[in-house]
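# Tertiary structure, described
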Amino acid sequence: MNKTKRTEIFTRLREQNPHPTTELNFKNEFELLIAVILSAQATDVSVNKATKPLFKIANTPEKILKLGETKLKSYVKTIGLYNTKAKNIIKTCRLLVNEHNGQVPEDRAALEALPGVGRKTANVVLNTAFGHPTIAVDTHIYRVSNRTGIAPGKTVLEVEKRLLRLVPEEFKRDAHHWLILHGRYTCIARSPKCLDCTIYDLCEYKSKTG
């Protein structure tokens, strides 16, 4: 996979979807942070169903703390690992109030210091909330990067670093969203929809369908 090919791949993905964004519903940085914490090992659809009524009554760290862990669990109990996630959200809200004046920090180290926030979550928040050219590698992006040859790697971190090095600068801010959506709807795990793929002729996958 060379630079010319990568540029054409992202050019086509941009033409197909000029303004990509997350499928998580949110109205501010805090809502995004909570939604991403809840989305670990869960679908965006299930998270959106849970956060819609939650955010109507509690969409700030202070309001979540006032709600309390038990009541919070009643809103997120349909999401996998909800007990742990609720505990982490309460701890995160306390830290946000005590150390960041109730605001979501625009800083990787500060974000990763929050309970329930790892590198991937920090990348999503930095990219989607603050516009940083970060790339959060989930299972979809890991699969697409390896399968197409865009940025192969044996680990999530290796793929992330390779993407950041190889994706042309003009595409970096939106690359995360293009790749995740491509993996979610076209380059799916078991039966990739190669005949519907906009980058079919550029992809280096050896077992293309069709």
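Up top is the structure these notes are about.
Worth saying up front: this structure is predicted, and the values here are computed from it rather than measured. (Residues numbered from 1 in each chain as written. Predicted model: local features only at pLDDT ≥ 70, side-chain atom pairs only at ≥ 80, totals over all residues. Heavy atoms only, no water.)

### With respect to the packing of helix H1 (residues 3-16) against helix H11 (residues 172-185)
Keep this limit in mind: Geometry is summarised by axes, namely lines fitted to C-alpha atoms with helices restricted to the contacting stretch, and by angles between N-to-C directions that run from 0 to 180 degrees. Starting at the N terminus, helices and strands are each numbered in turn, a helix being any DSSP run of H or I of at least four residues and a strand any DSSP run of E of at least two. Should an angle fall under 35 degrees it is called roughly parallel, over 145 degrees roughly antiparallel, and 65 to 115 degrees roughly perpendicular, with every other angle called oblique. Contacts are residue-level and defined by heavy atoms, with any inter-residue pair within 4.5 Å sufficient. Under the convention adopted here, Pro, Cys and the residues Ala, Val, Leu, Ile, Met, Phe, Trp and Tyr are nonpolar, Asp, Glu, Lys and Arg are charged, and Gly plus all remaining residues are polar.
Across the interface, H1 lies against H11 with an axial gap of 10 Å and an inter-helix angle of 80 degrees. With respect to their mutual orientation, H1 and H11 come out roughly perpendicular. Of H11, the residues touching H1 (which contributes Phe10, Leu13 and Arg14) are Ala175, Trp178, Leu179 and His182. In terms of residue class, the contact of H1 with H11 is made up of five nonpolar, one polar and one charged.

### Considering the nonpolar core
It is characteristic of soluble globular proteins that their nonpolar side chains tend to be buried jointly. Filter applied, for reference: To form a nonpolar core, buried Ala, Val, Leu, Ile, Met, Phe, Trp, Tyr and Cys residues must be joined to one another through side-chain atoms within 4.5 Å. Relative accessibility thresholds used throughout: buried, under 20% of the residue-type maximum; exposed, over 50%; partly exposed, between the two (1.4 Å probe, protein chains only).
Formed by 33 residues in total, the largest nonpolar core has its most connected members in Leu33, Leu54, Ile64, Leu72, Ile89 and Leu111. Residue assignment for this core shows that the elements contributing at least two residues are helix H2 (29-39), helix H3 (44-57), helix H4 (61-67), helix H5 (69-76), helix H6 (82-100) and helix H8 (119-128). Looking at this core, the element that brings in the most residues is H2, giving eight residues. Every residue in contact with Leu33, bar those within four places of it in the chain, is listed here: Thr92, Leu96, Val104, Leu114, Val117, Thr121 and Val125. Membership of the second largest hydrophobic core comes to 22 residues, among which are Phe10, Leu13, Val144 and Ile180.

### Section: the packing of aromatic side chains
The condition is simple: Aromatic rings from Phe, Tyr and Trp, taking only the six-membered ring of Trp, are treated as a pair when their centres fall within 6.5 Å; an angle between ring planes under 30 degrees marks them as stacked, one over 60 as edge-to-face, and anything in between as tilted.
Inspection of the entire model under this criterion finds three aromatic pairs. Look at Phe10 and Phe171: their rings are 5.8 Å apart centre to centre, the planes differ by 25 degrees, and that puts the pair in the stacked class. Highlighted residues: Phe10 in helix H1 and Phe171 in the loop between helix H10 (156-166) and H11, separated in sequence by 161 residues. The residues Phe10 and Phe171 share a single accessibility class, namely buried. With a centroid separation of 6.2 Å and an interplanar angle of 65 degrees, the aromatic rings of Phe171 and Trp178 are classed as edge-to-face. Judged by relative accessible area, which is 0%, Phe171 ranks as buried.

### Things to note about the packing of H2 against H6
What counts here: By convention the crossing between two helices is left-handed if the near helix lies anticlockwise of the far one by an angle smaller than a right angle, and right-handed if it lies clockwise.
Where H2 meets H6, the axes come as close as 10 Å, and the angle between the chain directions of the two elements is 150 degrees. Judged by the angle between their axes, H2 and H6 are roughly antiparallel. In this structure, H2 meets H6 at a crossing whose hand is right-handed. Along the contact surface, H2 presents Phe30, Leu33, Ile34, Ile37, Leu38 and Ser39, while H6 presents Lys85, Ile89, Thr92, Cys93 and Leu96. Taken together, the residues of the contact of H2 with H6 break down into eight nonpolar, two polar and one charged.

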